[in-house]
Amino acid sequence: MAGRSIRILLNGEPCEIRGVPPATTVLDWLRTEKALTGTKEGCAEGDCGACTVALGTPDGGTMRYEAANSCLLAVPQLDGKALITVEGLANGGLHPIQRAMIEADASQCGFCTPGIVMALFAFLEGGEEPEIEAIHDALAGNLCRCTGYRPIVDAARKAARARVDIPAAAVPEAGAEYRAGRQAFFAPRTLGELVALREAHPEAPLLAGGTDLGLLFSKERRAFPAVISVARVEEFHRLDIREDGIEIGAAVTYTRALPVLDAEYPGMGELIRRIGSPQIRNLGTVGGNIGNASPIGDTPPWLIAMDATLALRGPGGRREMPVEDFFLGYRRTDLRPDEVIESVRVPRLSAGQLFRIYKVSKRYDQDISAVIGAYCLTLADGRVSDARIAYGGMAATPKRARAAERALVGRPWDEAAVAAARRAIAEDFEPIGDFRASAAYRATVAANLLRRLHLQTAGGTAPTGVFAL
């Protein structure tokens, strides 16, 4: 983009963007600059889905479309991609999903309808079987306040077999730098270029998917002198499954990681689906969740329980460390100003190991956790030979429950050992209370999740998965 323009396909037509500040959201640009007002602003934080658009990425000679929240996307993230809004679906006539929404009486006030239509368009383009659970998952990020969801699901099933190709010219090649005024957006392609930029701009925020950083653009209207995107660095997209572990690059999205992690670690598939809607999972990354360093982040407890290793990269080369040592305090990490998170390596489960992860939240879908517990136990002849237990929401950082681990190791995996470990939780944590849960509730839940783990893995009948308060 020669530092001065962003080139995309907008509803199938070439579009060049100049002079737009890099922190401008795609939602604001569509509505104010392009007068494409079918895309609505509801929450401006990726929860309601009214701003959903379809983001197209070239993939082996075809175009892969994914739903995304335009309120969280910065305009430079569009460079080299195709963007379709609800206006772009009606190519000489209504798109099948638009017509199905009408025929199923699935729209009343219409405010949320464009986002629902775009979410379903992306779902149909993905080729997934239109099973009821898949449709509900596709719509999990779209709130409707007046229609009720049954007719919307009916419309999705009606349109499921009517895929329509969207005509488009060739997608332009993305550039490595965009500037407007005194603001710069860097999108390096190689790890070496990224490290050099990080060294030159140590104060610049790093952008992966933007599901967290995007809130500073959309809600706080923050404008940074420089932003560095890691999304186009080829090395950051590695997802390697090896005998000894899984290597996950810092820019691997939850959508891409989900089937791999679901197959390896019981409970992880459901956890990832509850982390966020498809719109969020299509952008959000495991590396971003680590770097964000939230004490209630969903993936760090899993990584700590699995004794995962973090790879950091700076001018001095590669540095590795256990994930549990990365978190120093509330939103503080061991990442140096000139370093970036390159990847995380997670050991695979071996014979005799059991793993479970549980999340408790006020709302079942797409809610921040009140408590999240991850458990990896090694059993030999019915006894616990090793235990790694980690919690989120119980301290200023995601943290291991070492006293609870000691209470289990060397003992039979039975109710007496679990009772001792539950009591030991009080030695490990003094949780705070906030609007998500009181301190007493968190302490009780953390102990009770150990009981659930035992019931589930020792022949009991405890349900699996993610739970609401």
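Each value, and the rule that gives it
Residues numbered from 1 in each chain as written. Predicted model: local features only at pLDDT ≥ 70, side-chain atom pairs only at ≥ 80, totals over all residues. Heavy atoms only, no water. Helix = DSSP H or I, 4+ residues; strand = E, 2+ residues; numbered from the N terminus. Rg over C-alpha atoms; globule rule 2.2 N^0.38 Å. Buried < 20%, exposed > 50% of the residue type's maximum accessible area, 1.4 Å probe, protein only. Domains from an automatic or database assignment. Contact = heavy atoms within 4.5 Å. Buried area = accessible area lost by both parts, 1.4 Å probe. Salt bridge = Lys/Arg side-chain N within 4 Å of Asp/Glu carboxyl O. Polar contact = N/O pair within 3.5 Å; in protein donor to acceptor, adjacent residues only side chain to side chain. Nonpolar A, V, L, I, M, F, W, Y, C, P; charged D, E, K, R; others polar. Pairing = 2+ DSSP bridges. Axes fitted to C-alpha atoms, helices over the stretch in contact; angles between N-to-C directions. Left-handed = near helix turned anticlockwise from the far one by under 90°. Core = buried A, V, L, I, M, F, W, Y, C linked by side-chain atoms within 4.5 Å.

Mind laying out the overall build of the protein chain, listing which residues take part and the relevant values?
Secondary structure summary: the protein chain contains 16 helices and 21 strands in total. Whereas a compact globule of 469 residues would reach a radius of gyration of roughly 23 Å, the protein chain reaches 23 Å, a difference of no more than 12%. Principal-axis analysis of the C-alpha atoms gives the protein chain an extent of 70 × 55 × 40 Å. Taking all 469 residues of the protein chain together, 57% fall into the buried category.

An account of the domain arrangement of the protein chain is requested, with residue identities and associated values reported.
Taken domain by domain, the protein chain comprises domain 1 (6-160), domain 2 (182-349) and domain 3 (352-461). Between the C-alpha centres of domain 1 and domain 2 the distance comes to 26 Å. On the side of domain 2, 27 residues touch domain 1, which itself brings 29 residues to the contact. With both chains or domains summed, domain 1 and domain 2 bury close to 2,000 Å², and 54% of this area falls on carbon and sulfur atoms. Applying the counting rule to domain 1 against domain 2 returns three salt bridges. For the salt bridge of Asp 28 with Arg 221, the shortest nitrogen-to-oxygen distance reads 2.4 Å. Across the contact surface, domain 1 and domain 2 share nine residue pairs in polar contact (both at pLDDT 80 or more). The leading source of residues in the side of domain 1 that touches domain 2 is strand β4 (residues 62-69), at four residues. By residue class, the composition of the side of domain 1 that touches domain 2 is 15 nonpolar, eight polar and six charged.

Tell me about the pairing of strand β6 (residues 177-180), residues and numbers included.
Of the two faces of β6, only the one carrying Tyr 178 and Ala 180 is buried; Glu 177 and Arg 179 on the other face are not. Direction of pairing for β6 relative to strand β7 (residues 183-186): antiparallel, over a ladder of four bridges. In the strand pairing of β7, Tyr 178 is matched with Phe 185. Hairpin connection between β6 and β7: a loop of two residues separates the two successive antiparallel strands, and Gly 181 in this loop has a positive phi of roughly 65 degrees.

Can you lay out the packing of helix α3 (residues 113-125) against helix α5 (residues 150-159) for me, pointing to particular residues and giving the numbers?
A pair of packed helices is captured by two measures, namely the crossing angle of their axes and the spacing between those axes. For the pair α3 and α5, the least separation of the axes is 11 Å and the interaxial angle reads 35 degrees. α5 is crossed by α3, and the crossing has right-handed handedness. In this structure, α3 contributes Ile 116, Leu 120 and Leu 124 to the contact, and α5 contributes Ile 152, Ala 156 and Ala 159. Residue classes in the contact of α3 with α5 are distributed as six nonpolar, no polar and no charged.

I'd like a rundown of the pattern of salt bridges, residues and numbers included.
All told, the structure shown has 32 salt bridges when counted by the stated rule. One salt bridge connects Arg 336 with Glu 339, and the closest N-O pair in it is separated by 3.8 Å. On the basis of relative accessible area, Arg 336 is assigned to the partly exposed category, the value being 44%. Among the residues examined, Glu 339 registers a relative accessible area of 3% and is labelled buried. Ionic contacts of the salt-bridge type, sharing partners, join the residues Arg 238, Asp 240, Arg 242, Glu 247, Arg 313, Arg 318, Glu 320, Glu 342 and Arg 345 into one network.

So what's going on with the pairing of strand β3 (residues 52-59)? Residues and values would help.
Burial within β3 is extensive, with six of its eight residues counted as buried. As judged from the eight bridges shared by β3 and β4, these two strands associate in the antiparallel manner. Each residue of the ladder has a partner; that of Ala 54, found in β4, is Ala 67. Counting the residues between successive antiparallel strands, the hairpin from β3 to β4 contains two residues, one of them, Gly 60, with a positive phi of roughly 60 degrees. Relative to strand β5 (residues 82-84), β3 runs antiparallel, the two sharing three bridges. Bridge pairing in β5 links Leu 55 to Leu 83.

Can you lay out the nonpolar core for me, pointing to particular residues and giving the numbers?
Nonpolar side chains tend to gather and get buried jointly when the protein is soluble and globular. By size, the foremost hydrophobic cluster in this structure holds 54 residues, and its most contacted members are Ile 248, Trp 302, Val 344 and Phe 355. Tallying contributions element by element places helix α8 (residues 254-264) first for this core, with five residues. Each of domain 2 (182-349) and domain 3 (352-461) contributes no fewer than three residues to this core. Among all residues touching Val 344, those that are not within four sequence positions of it are Ile 246, Glu 247, Ile 248, Val 286, Ile 290, Leu 303, Ala 308, Thr 309, Leu 310 and Val 323. Within the second largest apolar cluster, 31 residues are counted, among which are Leu 89, Phe 121, Leu 139 and Ile 152.

An account of the sheet that holds strand β10 (residues 239-241) is requested, with residue identities and associated values reported.
Spatially, β10-β11-β16-β12-β13 is the arrangement adopted by the five strands of the open sheet, whose pairing is antiparallel. Only two strands of the sheet have a single partner each, and these edge strands are β10 and β13 (317-322). Each adjacent strand pair in this sheet contributes to an overall mean axis angle of 20 degrees, direction not counted. In the sheet, strand β11 (residues 245-249) pairs with strand β16 (residues 340-347) via five bridges, with the strands oriented antiparallel. The residue of β16 that forms the bridge with Gly 245 is Pro 347.

Outline the sheet that holds strand β8 (residues 206-207), listing residues and values.
With respect to topology, four strands assemble into an open sheet ordered β6-β7-β9-β8, the strand pairing being mixed. The open sheet has two edge strands with one neighbour each: β6 and β8.

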